[in-house]
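Each chain is listed here by its residues.
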Amino acid sequence: AERAARAIEAVPAALSDEDAAALFRDQGGVEAVCDGLLQFPEACALPALVALRLLATQERAAAVVLKHRKGRAVVQALAWAQGAADEPEGQVAAGQIAAKSVEVLEALLQHDETRKTLLAKAWNFSKPGAEQGAPSVRVKALTAAASALLAEGAPAASAALGALTNAAFDEKGKEAILGMELAARGAKGSAFSFG
């Protein structure tokens, strides 16, 4: 686990230019970062999320992140951002994993195809080690972004606002954001109305 964490920590420095990033992506580097996040969350969560944030700014790498193992790394990040999963213990301050997860979400929502996929889907998430039949939680991109805005101290407020802004570039994203806002206000009216 420590070896995987050290390797993942070196990824941002290896992505010095577009050619290096393309080579990293084409040789399975994105998948390796996702696997490190999933297999060794205690050691790799923070460096993997930092690396995924950088990788997800590139459209092709973002597509790989979303498709690898049916998007399990994305689902895990959404669960952390939404507060549905416990953060790994020990290595980072409370809330830091959730904040970095929102930054990954913001980067993924920059691209048309990944944005459409993320806005159209919801995933059932069960905590690792949960008993058979334990209730699962629905995780969604916009719910994760909204949760980050409402988190105590809102350490990821900037990334959450960026994620919501990126989502609004899609008509379904605009509708979903408005629906969330209306629901939060008890359908009394939109904060966007001026009358």
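Residues numbered from 1 in each chain as written. Predicted model: local features only at pLDDT ≥ 70, side-chain atom pairs only at ≥ 80, totals over all residues. Heavy atoms only, no water.

Colleague: So what exactly am I meant to see when it comes to the overall build of the protein chain here?
Modeller: Scanning the protein chain from N- to C-terminus turns up 12 helices and 2 strands. The order of helices and strands in the protein chain, counted from the N terminus, is α-α-α-α-α-α-α-α-α-β-β-α-α-α. For 195 residues, the compact-globule formula gives about 16 Å, and the C-alpha radius of gyration of the protein chain, at 17 Å, lands near that figure. For the protein chain, with 195 residues in total, the buried portion stands at 41%. Within the protein chain, contacts between residues at least 6 apart in sequence are counted, and of these 63% link residues at least 24 apart. About 10,700 Å² of surface is accessible on the protein chain, with carbon and sulfur atoms providing 52% of the total. Here the protein chain carries 20 positive and 23 negative side-chain charges, and the mean point of each set is 6 Å from the other. (Helix = DSSP H or I, 4+ residues; strand = E, 2+ residues; numbered from the N terminus. Rg over C-alpha atoms; globule rule 2.2 N^0.38 Å. Buried < 20%, exposed > 50% of the residue type's maximum accessible area, 1.4 Å probe, protein only. Contact = heavy atoms within 4.5 Å. Areas by Shrake-Rupley, 256 points an atom, 1.4 Å probe, with all protein chains shown as cover. Lys, Arg positive; Asp, Glu negative; His and termini not counted. Charge placed at Lys NZ, Arg CZ, Asp CG, Glu CD.)

Colleague: Looking at this structure, I do not really get the nonpolar core. What am I missing?
Modeller: Generally speaking, soluble globular proteins have nonpolar side chains that are buried together. Core analysis: the largest hydrophobic core is formed by 57 residues, its most contacted members being Leu105 and Leu118. Setting aside residues up to four positions removed in sequence, Leu118 forms contacts with Leu66, Val74, Leu105, Leu108, Leu109, Trp123 and Ala141. (Core = buried A, V, L, I, M, F, W, Y, C linked by side-chain atoms within 4.5 Å.)

Colleague: I would appreciate a short explanation of a nonpolar patch on the surface in the present structure.
Modeller: Taken together, Leu149, Leu150 and Leu161 make up a surface patch of nonpolar side chains, about 310 Å² in accessible area. You can see Leu149 is positioned in helix α10 (residues 141-150). (Patch = residues over 30% accessible without salt bridge, like charges linked within 9 Å, V, L, I, M, F, W, Y side chains within 5 Å. Salt bridge = Lys/Arg side-chain N within 4 Å of Asp/Glu carboxyl O.)

Colleague: What should I look at first to understand the side chain of His68 in this one?
Modeller: Mapped onto the fold, His68 is located in the loop between α6 (59-67) and α7 (72-82). Setting aside chain neighbours within four positions, we find His68 in contact with Glu31, Cys34 and Asp35.

Colleague: Mind showing me how you'd approach the packing of helix α4 (residues 29-39) against α7 here?
Modeller: To describe two helices that pack against each other, one gives the angle between their axes and the distance between the axes. Where α4 contacts α7, the axes come no closer than 9 Å and their chain directions differ by 50°. By the angle between their directions, the pair α4 and α7 is classed as oblique. The hand of the α4/α7 crossing is left-handed. Here Cys34, Leu37 and Leu38 of α4 lie close against α7, whose contacting residues are Arg72, Ala73, Gln76 and Trp80. In terms of residue class, the contact of α4 with α7 is made up of 5 nonpolar, 1 polar and 1 charged. (Axes fitted to C-alpha atoms, helices over the stretch in contact; angles between N-to-C directions. Parallel < 35°, antiparallel > 145°, perpendicular 65-115°, else oblique. Left-handed = near helix turned anticlockwise from the far one by under 90°. Nonpolar A, V, L, I, M, F, W, Y, C, P; charged D, E, K, R; others polar.)

Colleague: Would you mind showing me how to read α6 here?
Modeller: A turn of α-helix holds 3.6 residues, and therefore any two residues three or four places apart point the same way. Looking at α6, one finds that the buried residues are Ala61, Ala62, Val65 and Leu66. One side of α6 holds all its buried residues, which, seen down the axis, span an arc of 140°. Residues Arg60 and Lys67 are exposed on α6 and point more than 90 degrees away from its buried face. Taken together, the buried residues of α6 touch α3 (18-26), α4, α5 (41-55), α7, α8 (96-108) and α9 (112-120). (Arc of directions from axis to C-beta.)

Colleague: What should I look at first to understand the pattern of salt bridges in this one?
Modeller: Any two side chains of opposite charge can pair, given that their charged atoms come close. Counting across every chain of the model gives 7 salt bridges. In this structure, Asp86 engages Lys127 in a salt bridge whose closest nitrogen and oxygen atoms are separated by 3.5 Å. Within this pair, whereas Asp86 is found in the loop between α7 and α8, its partner Lys127 is found in the loop between β1 (123-125) and β2 (137-139), the two being separated by 41 residues in sequence. A relative accessible area of 58% places Asp86 in the exposed class. A salt bridge links Lys174 to Glu171, with the shortest nitrogen-to-oxygen separation between them at 3.9 Å. Linking Lys174 with Glu171, this pair stays in helix α12 (residues 171-184), spanning 3 residues, or about one helical turn. Linked by salt bridges that have partners in common, Arg25, Asp26 and Arg60 make up one network.

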